[in-house]
Amino acid sequence: MRMDHVSYACEADGLLATTERIANALGVEAVKGGVHPRFGTRNMIIPLTDHHYLEVVEVLDHPASDKAPFGQAVRARSAAGGGWMGWCVEVQDLAPFEERLGREAVPGNRKFPDGRELVWKQIGILGLIADPQVPYMLKWEGDPTLHPSNAYPATVKVSKLTIAGSAERVTEWLGEPVEKPLEDVDVEWVAPKGTPGIMSVTFETADGPVTI
């Protein structure tokens, strides 16, 4: 179990403008991710060190986004002005989470222009919608070299998450101490004032720490 990525829902001016602001703040270039046909969303990617990445995601005017929890989560966060939507943990076995949550993981995919396909299964988006401090869980399948952190050699590192919530709640959700997936990332837990969830993410860049 390890942290895989953080997700940022685009702001009112859309995916490209939102991504450009974040990429400029970090002093890097973003790369086009692609469309998630099962979820009715699309994303842009900023690779990070340590097999992490940042995705900026936008909901599409597509029937899938009305049905898929991930599309619903992105739409709701963007409608509220955009910002950090959540974080994701990579696991090797989704079965314990399927048993505990009482439902099956759902498949996800997106295709590269050259025809290669990134595939995975995920579960926990409904939990994130209800309580945005908790992560959702993902298992990558297929070619491991297609992991979004490999889009180009990364120079930016995620160093800290500030989360409105409690370590105890997230530990209960994961079924393991939250420190395990976040062993290489500092976390500051703050008391929620309103909705819980990620308040900010700090990155180590060539020009020093940047907090978004």
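The structure this text deals with has already been given above.
Residues numbered from 1 in each chain as written. Predicted model: local features only at pLDDT ≥ 70, side-chain atom pairs only at ≥ 80, totals over all residues. Heavy atoms only, no water.

A. The overall build of the protein chain, seen in detail. When its secondary structure is counted, the protein chain shows six helices and 12 strands. Here the protein chain holds 212 residues, and 50% of them are scored as buried. Counting contacts in the protein chain only where the partners sit at least 6 residues apart, residues at least 24 apart contribute 67% of the total. A total accessible area of about 9,800 Å² is found for the protein chain, and carbon and sulfur atoms account for 52% of it. Taking the 20 positively charged and 30 negatively charged side chains of the protein chain as two groups, their mean positions are separated by 5 Å. (Helix = DSSP H or I, 4+ residues; strand = E, 2+ residues; numbered from the N terminus. Buried < 20%, exposed > 50% of the residue type's maximum accessible area, 1.4 Å probe, protein only. Contact = heavy atoms within 4.5 Å. Areas by Shrake-Rupley, 256 points an atom, 1.4 Å probe, with all protein chains shown as cover. Lys, Arg positive; Asp, Glu negative; His and termini not counted. Charge placed at Lys NZ, Arg CZ, Asp CG, Glu CD.)

B. Structural detail: the pattern of salt bridges. Taken as a whole and judged by the stated rule, the model has 12 salt bridges. Between Arg-75 and Asp-66 there is a salt bridge, with the nearest N and O atoms lying 3.4 Å from each other. Classification of Asp-66 by relative accessible area gives exposed; the value is 51%. When the shortest N-O distance is used, the salt bridge between Glu-188 and Lys-160 registers 3.1 Å. Of this pair, Glu-188 sits in strand 10 (residues 186-190) while Lys-160 sits in strand 9 (residues 157-164), and the two are 28 residues apart along the sequence. Take Glu-188: its relative accessible area is 34%, and that puts it in the partly exposed class. Salt bridges linked by common partners bring Arg-2, Asp-4 and Glu-90 together as one network. (Salt bridge = Lys/Arg side-chain N within 4 Å of Asp/Glu carboxyl O.)

C. Representation of empty space enclosed by the protein within the structure. Throughout the structure, instances matching the rule amount to one cavity of 30 Å³ or more. Taken as a whole, the largest cavity encloses approximately 120 Å³ of empty space. Lining the largest cavity are 16 residues; nearest its centre among them are His-36, Asn-43, Tyr-53, Glu-55 and Trp-120. Those elements that place two or more of their residues in the lining of the largest cavity are strand 3 (41-48), strand 4 (52-59), strand 7 (117-123) and strand 8 (136-141). (1 Å grid on protein atoms, 1.4 Å probe; cavity = no way out; pocket = protein on both sides within 12 Å on 5 of 7 lines; lining within 4 Å. Points joined across faces, edges and corners; volume = space filled by probe spheres on them.)

D. Layout of the nonpolar core. Within the largest apolar cluster, 39 residues are counted, with the highest numbers of intra-cluster contacts made by Leu-54, Trp-87, Leu-161 and Phe-203. Counting residues per element, the ones that place at least two in this core are strand 1 (2-9), helix 1 (15-26), strand 3, strand 4, strand 5 (83-90), strand 9, helix 6 (167-174) and strand 11 (197-205). Residues Val-59, Phe-70, Trp-120 and Leu-128 belong to the second largest nonpolar core, which totals 20 residues. (Core = buried A, V, L, I, M, F, W, Y, C linked by side-chain atoms within 4.5 Å.)

E. Looking closely at the sheet that holds strand 11. One open sheet accounts for four strands, arranged 10-9-11-12; its pairing is mixed. With one partner strand each, in any of the chains shown, strand 10 and strand 12 (208-211) form the two edges of the open sheet. Mean inter-strand twist for the sheet, computed between neighbouring axes without regard to direction, equals 20°. As paired strands, strand 9 and strand 10 are joined by five bridges and run parallel to one another. By the bridge assignment, Ala-164 is partnered in strand 10 with Val-190. (Pairing = 2+ DSSP bridges. Axes fitted to C-alpha atoms, helices over the stretch in contact; angles between N-to-C directions.)

F. Main features of the pairing of strand 3. Burial within strand 3 is extensive, with seven of its eight residues counted as buried. Counting the residues that bridge the hairpin from strand 2 (residues 31-36) to strand 3 gives four residues, and of these Gly-40 lies at a positive phi of roughly 70°. In the sheet, strand 3 pairs with strand 4 via eight bridges, with the strands oriented antiparallel. If you follow Thr-41 over to strand 4, its bridge partner there is Val-59. Taking the residues that link successive antiparallel strands as the turn, the strand 3-strand 4 hairpin has three residues, and the phi of Asp-50 there is positive, at about 60°.

By themselves, these observations are geometric and do not establish any function.
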